[in-house]
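# Coordinates in review
What follows is the residue order along each chain.
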Amino acid sequence: MEKYNHKQIESKWREIWEKSGIYNTDLASKDPKFYNLIMFPYPSGEYLHIGHAYSDTGADVYGRHKKLNGYNVFMPIGYDAFGLPAENYAIKAGVNPKESTASNIEHAEKQLKSWGCSFDWSHKMTTSAPSYYKWTQWLFLKLYEKGLAYQKEAPVNWCPECKTVLANEQVIEGLCERCDTEVVQKNLKQWFFKITDYADRLIKDLDKVDWPESSIIKQRNWIGRSEGVQFNLKVKSEKLKVEEEVEVFTTRIDTVFGMTYVVLAPEHPLVEKITVTEQKKAVEKYLIQAQKLTEIERQSLEKEKTGVFTGAYAINPFNNEEVPIWIADYVLYGYGTGAVMAVSAHDERDYEFAKKYKLPIKESVAPYTKFETKPGKETEVRDLAIAVVRNPKDNKYLCLKWKQTKWQAFPSGGTDGEDIVTAAKREVLEETGYKNIKFIKKFRNTIFEEFYRPHKDSNVIAHSIYSLFELENDERQEVAQKEKDQHEAVWVKEEEVENFLNIKHLKIFWRSLQAGEEMPFTDPGKLVNSGEFSGLFSDEAKKKMAEWLKKKGFGRRKINYRLHDWSIGRQRYWGAPIPIIYCDKCGAQPVAEKDLPVKLPENVKDFKPKGTGKGPLASVKEFVDTRCPYCGGKAERETDTMDTFVDSSFYFMRYPSVGDDKEMMKPNVTKEWLPVDMYVGGAEHVTMHLLYARFITKALFDMKMINFDEPFLKLRHQGMILGPDGKKMSKSKGNVIIPDEVIREHGADAFRIYILFMGRFEDGGPWNPKGLVGVKRFLEKIWKIGLDSRRSLSAEGIPASAGMTKEGGDDNMGSWPKISNMEIQAKLARTIKKVGADIEDFKFNTAIASLMKFSNVLQEEKNPISKGDFEKLIVILSPFAPFMAEELWEKLGHKDSVHVQGWPEYDEKLIKEETVTVAVQINGKVRDQLVINAESEEDEILELAKASEKVQKYLDDAEIKKVIYVPGKLLSLVIS
RNA sequence: GCCGCGGUGGUGAAAUUGGUAUACACGCUAGUCUUAGGAACUAGUGGGGAAACCCGUGGAGGUUCGAGUCCUCUCCGCGGCACCA
């Protein structure tokens, strides 16, 4: 029999497919469209690694399944070829990036073609080609027209190694994402895209897409919307001649009565104006010190907070109190107003700072917990003294276990006009009998608790004040019977108190007690010491206080975002030049559309970055010198190029229109083919590429150039394939696996199946080729079933063993039975259903498992499968093993391709099991299994179960109290 | 610290979403065939026990007739964010 030779088969079909263009999509076809997109590869000089193959294969299986289901599937491919990594590679190799990119692409293409993916190569494009970046520049002009591209002097992230500006998203823990160099801040005039204008819609429209929930959350957090108020405080400083105000942003206006100082970021413009003479020296010293710190040092959490007093004061508009104004670098100039109101009692950072500089701490919000109350009953408001008695000898706490209710609590009671400490002491004596306890301290915060008291049949709102005592000795007096009936005193170990008393809601109190100092309370609660707002809950207070500020003209509601505008200028050679011309007379002028593309000069000898703040293009005279498009006078070109993420923010819109030199997007084709139906790629792109692409889409939507405002309807991520050592693959660790060798040895089909079989698509994990043999066996099994004539029947259905020649000729498919036996028909139907459903869910691993299971059935089965049914198997196998499926399809006598067939139909009736196995549980444990007719009723099954020997053993003199029947699954008996 | 994901046999992993835990595969053990096999096939394979049974999804509680799945707490691993007021 002909052996399965993957090399021969795969190269044969690769060639045939390429010639016939079977995967080239007719975009004008009437079939329903399906835009199946993968994130296009970045040919940086490394081989495409196993992660690319993984992602593309998953997407390909999905796309092939769609195709078999009648969709006109478009799976284009191209190269993201501009940008830093490609350029750095070229510099290292000592060649022009254009050359190295071309050879990198050539190599990547070989790899991509070996994977057997149904890419449409006829729509290929490369972002570094003038025919592409013409549209990158065009996009820039459109955004410029709408005021969404602008220039400003701004502190930017500067990588001294790459000698360029980086977007915030490209700075990872203070280091350059490409070369791990420490990023520094530099003030430069920079081009930005105004993505912040879209912040709200970028959050809101996440509702419209089918994306992994975790990615939606990641984007939402990245944009970081927070609602608050912004308001002004008058500044008092001997230095000021005119009145000044400081504006602050807060999300916790409800804590404003607790403000004890104000902090300005060191860069804040007011710093200079308000600092008093006396403090001038100290402030200057601090500013110099702050400036020296790098971004990482400044942001490191371990670093103790530092700051300096300006000598000036701000006036809290709510109570006209004067509070000192400090400067501290824990306040960021880039967020909000660069100034904050500090409330040390209710904010961790302010608390830490206040503690260090001995600034006052003032409570304005108290914890409030509402427990179950009984509506209709009288509600009493009471001051409650709570006694926390600690035994210093064994570190246990005195608690009460209530008898009528489930309460477990500290001794406590109403104050009845006494002072808190006296009341607490008295309660301990009355309730527990302990005579000698020593007062240690009183907890600062009042804690509100609302609950129902069964022993008094009323509700109470308790204003609880906690006091700490230490037990001096064991001396006790007799406890009154009345008290004894209600509760019993117990000593609880410190580590058990939290659970015993169920005081989760008192966490702040308990933590403070343990820390030996009172920690800030940062949750919402009930306002205290807050003038007319006292008594309100945080929620209402926020509203009322915002209204109050607005009415008085001090401030307003404000929404702030963590997201910054997208800095897109790069002082590098290998990118699309920004199409702007600077004229002495007319200023910055956009290049006319008809003059696009502004070509990147090719014969540049020195394209290395200079580190001067200007890119290498600045020294190419022929490039720089030009004419003003407005007045025609002498002018100079912008020499920055665009961030690569601009290239990739619209490529998916360009694909269907590739080849059109007049328009970026042909209206008809675009309307038909976009948005993208399925997008597959890595989760590492969520806060960069995916966010930028959504922004650009919305901007173009607003310009009425497209009729959709979300580019990717469905998104799926592949997991990360790690090196065999379980670590992230990297060249330096020497653990990079490239798929080429695996494919050479085992074939693309085996590789595709194995990589998808390893685990859940979105999980990934360490690469371990051990299991590949199993997949190989599976493929060879199918191959044999298809080819081995010994397994086949004569046309009359007589088994081969009954007389047919044992050895058929090579390539003889033998003859097939007219129909498969019922068992096989049923199992095939189930397999078709399961595989289809699993692919749709991206559960490729279980789809493959069910194919394997079915192939095992065929192998064990003495009566083989009919030709028609075997063909169905080949069709559902074809997305996973496109080469072998095609070869077998041909061997079965077909002239057309297996990849253009229809997904096989199956009879739902076949799927229903005739008999089912029902488990019989007794008190939750499986005791027997019954094989019964699937149609059986509960009564019948119960009788059968009772008749079972195994069940009877348990039923002896026991009474069946309850019967639960889950149809076709299990019968659960509860017996006494 | 915050947000998200995960922890199941010797290994990679399944589990219809509250219904017989370990499908499928690797590995291992035994056997068949073979001159031989890193081949193929057959049988077995969570742990304990001779068996009846008992125990088992990181750990501790809870809800339920029934929990890998839900709730509370906790430990560990991974990813993201990180002084965002």
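What comes next concerns the included structure. (Residues numbered from 1 in each chain as written. Chains lettered and ligands numbered in written order. Predicted model: local features only at pLDDT ≥ 70, side-chain atom pairs only at ≥ 80, totals over all residues. Heavy atoms only, no water.)

### Quick look at the overall build of chain A
- Along its length, chain A carries 31 helices and 42 strands.
- The dimensions of chain A, computed from C-alpha atoms along their principal axes, are 110 × 110 × 50 Å.
- Here chain A, with 976 residues, has 54% of them falling under the buried criterion.
- Pairs at least 24 residues apart make up 74% of the contacts formed inside chain A by residues separated by at least 6 positions.
- Carbon and sulfur atoms make up 49% of the accessible area of chain A, which totals about 45,900 Å².
- Charged side chains of chain A number 144 positive and 148 negative; the gap between the two group centres comes to 3 Å. (Helix = DSSP H or I, 4+ residues; strand = E, 2+ residues; numbered from the N terminus. Buried < 20%, exposed > 50% of the residue type's maximum accessible area, 1.4 Å probe, protein only. Contact = heavy atoms within 4.5 Å. Areas by Shrake-Rupley, 256 points an atom, 1.4 Å probe, with all protein chains shown as cover. Lys, Arg positive; Asp, Glu negative; His and termini not counted. Charge placed at Lys NZ, Arg CZ, Asp CG, Glu CD.)

### What to know about a positive patch on the surface
- There is a patch of like positive charges on the surface, built from K543, K544, K550 and R557.
- For the positive patch, the leading source of residues is helix 16 (residues 538-552), giving 3 residues.
- Tracing the backbone through its elements, the reader meets K543 in helix 16. (Patch = residues over 30% accessible without salt bridge, like charges linked within 9 Å, V, L, I, M, F, W, Y side chains within 5 Å. Salt bridge = Lys/Arg side-chain N within 4 Å of Asp/Glu carboxyl O.)

### As for helix 23 (residues 748-757)
- Burial runs high along helix 23: 9 of the 10 residues are buried.
- When we look at burial in helix 23, the residues that qualify are A748, D749, A750, F751, R752, I753, Y754, I755 and L756.

### Quick word on the pattern of salt bridges
- For the structure on display, the rule yields 54 salt bridges.
- One salt bridge connects D643 with R570, and the closest N-O pair in it is separated by 3.2 Å. Placement of D643 in the loop between strand 34 (641-642) and helix 18 (644-647) and of R570 in strand 29 (residues 569-570) is noted, with a sequence separation of 73 residues between them. With respect to class, D643 is no different from R570; both count as buried.
- Linking K827 and E823 is a salt bridge whose minimum nitrogen-to-oxygen distance equals 2.8 Å.

### Brief notes about the sheet that holds strand 42 (residues 970-975)
- Judged by pairing direction, the sheet is mixed, and its 4 strands sit side by side in the order 40-39-42-41 without closing on themselves. Every other strand in the sheet has two partners, leaving strand 40 (925-933) and strand 41 (960-966) as the edge strands with one partner each. Each adjacent strand pair in this sheet contributes to an overall mean axis angle of 20°, direction not counted.
- Of the pairings in the sheet, the one linking strand 39 (residues 915-922) to strand 42 comprises 4 bridges and is parallel in character. Within the sheet, the bridge partner assigned to I922 lies in strand 42 and is L973. (Pairing = 2+ DSSP bridges. Axes fitted to C-alpha atoms, helices over the stretch in contact; angles between N-to-C directions.)

### Things to note about the protein's contact with RNA strand B
- The environment of RNA strand B is made up of 56 residues, and the closest members are T251, K305, R349, R777 and Q929.
- Each atom of RNA strand B within 4 Å of the protein was classed as base or backbone; sugar and phosphate made up 62%.
- R777 places a side-chain nitrogen or oxygen 2.5 Å from a phosphate oxygen of RNA strand B.
- A per-class count over the surface near RNA strand B returns 21 nonpolar, 18 polar and 17 charged. (Near = heavy atom within 4 Å. Polar contact = N/O pair within 3.5 Å; in protein donor to acceptor, adjacent residues only side chain to side chain. Nonpolar A, V, L, I, M, F, W, Y, C, P; charged D, E, K, R; others polar.)

### Focus on the side chain of K698
- Within the secondary structure, K698 is located in helix 21 (residues 689-702).
- Here D709 takes part through its backbone oxygen, which lies 2.9 Å from a polar atom of the side chain of K698.
- If near-sequence neighbours (up to four positions away) are discounted, K698 is found in contact with Y198, R201, L202, D205, D709 and E710.

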